[in-house]
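# Summary of structural features
Each chain, letter by letter, is given below.
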Amino acid sequence: MKHNSDFKYDLEVGRVAERILEKLLENKTIEVKRDLQAINTGNIYVEYESRDKPSGLAHTKADYYCYFITDGRMFLIETEELKELCRKYIGTDRDIRGGDSDTSKGILLPLTDLIKQNGSNNF
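Below or above, wherever it landed, is the structure these notes cover. (Residues numbered from 1 in each chain as written. Predicted model: local features only at pLDDT ≥ 70, side-chain atom pairs only at ≥ 80, totals over all residues. Heavy atoms only, no water.)

## Here we look at unusual backbone geometry
- Phi at Arg51 is positive, roughly 50°, even though this residue is not glycine.
- Following the sequence through the fold, Arg51 ends up in the loop between strand S2 (43-50) and strand S3 (53-54).
- A residue is classified by how much of its surface remains accessible, and Arg51, at 54% relative accessible area, is exposed.
- The residue Asp102 is not glycine, and still its phi comes out positive at about 55°. (Helix = DSSP H or I, 4+ residues; strand = E, 2+ residues; numbered from the N terminus. Buried < 20%, exposed > 50% of the residue type's maximum accessible area, 1.4 Å probe, protein only.)

Dropping the structure here:
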């Protein structure tokens, strides 16, 4: 794209991007999570069971998951893609208990997996 320092030009470029995002998310549902430890640990915790019942990723109806890992950084990923990333860790040392009194099960998913999978959706 050609560089242009004209505000009106830049505004229109931004509006085009807004319309693309709006179209992408039109009539879609998003599960929004905030993992305050992810930036320190390099992982997000993706719950799939709580109190011996499917929950979180295993129970969601959302089309997308959005993980905020800091106040200014987030990852947007299609739910089916997130499930695929997590499946390879079922039954490994990344498949752990957590939540209140360790009553949940989830996957410690490396942020690097999200970056590799969805670098273009990484904000």
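## Quick word on the sheet that holds strand S5 (residues 74-78)
- Strand order across the open sheet formed by three strands is S1-S4-S5, with mixed pairing between neighbours. Single-partner strands in this sheet number two, and they are strand S1 (30-34) and S5. Direction aside, neighbouring strands of the sheet carry axes that sit 15° apart on average.
- Here strand S4 (residues 64-68) pairs with S5 via five bridges, running antiparallel. (Pairing = 2+ DSSP bridges. Axes fitted to C-alpha atoms, helices over the stretch in contact; angles between N-to-C directions.)

## Describing the nonpolar core
- Core analysis: the largest hydrophobic core is formed by 18 residues, its most contacted members being Ile44, Val46, Leu82, Cys86, Leu109, Leu111 and Leu114.
- Put simply, the parts of the chain that give this core at least two residues each are S2, S4, S5, helix H3 (79-87), strand S7 (104-110) and helix H4 (111-118).
- Leaving out residues up to four positions away in the same chain, Leu111 has contacts with Ala38, Gly42, Asn43, Ile44, Ile69 and Phe75. (Core = buried A, V, L, I, M, F, W, Y, C linked by side-chain atoms within 4.5 Å. Contact = heavy atoms within 4.5 Å.)

## Things to note about the side chain of Ser55
- With respect to the element layout, Ser55 can be found in the loop between S3 and S4.
- If sequence neighbours within four positions are ignored, Ser55 has contacts with Glu47, Tyr48, Glu49 and Ser50.

## Observations regarding the sheet that holds strand S6 (residues 95-98)
- If you trace the four strands from one edge of the open sheet to the other, you get S3-S2-S7-S6, paired in antiparallel fashion. Strand pairing shows two members of the sheet lacking a second neighbour, S3 and S6, which therefore form its edges.
- Docked against the sheet, H3 engages S2 and S7, running at close to 90° with respect to S7.

## So, the pairing of S2
- Counted residue by residue, S2 has six buried out of eight residues, so it is predominantly covered.
- Bridge count for S2 against S7 is seven bridges, and the pairing is antiparallel. Paired with Ile44 across the bridge in S7 is Leu109.
- Sheet topology places S2 next to S3; two bridges connect them, and they run antiparallel.

## Quick notes on the environment of Asp102
- With respect to the element layout, Asp102 can be found in the loop between S6 and S7.
- In the structure, Asp102 is positioned 52 residues away from Ser50 in sequence and 8.9 Å away in space, judged by C-alpha atoms.

## Topic: the pattern of salt bridges
- Applying the stated criterion to the full structure yields six salt bridges.
- Note that Lys23 is salt-bridged to Glu26, the shortest N-O span being 3.5 Å.
- Overall, Glu26 belongs to the partly exposed group, its relative accessible area being 41%. (Salt bridge = Lys/Arg side-chain N within 4 Å of Asp/Glu carboxyl O.)

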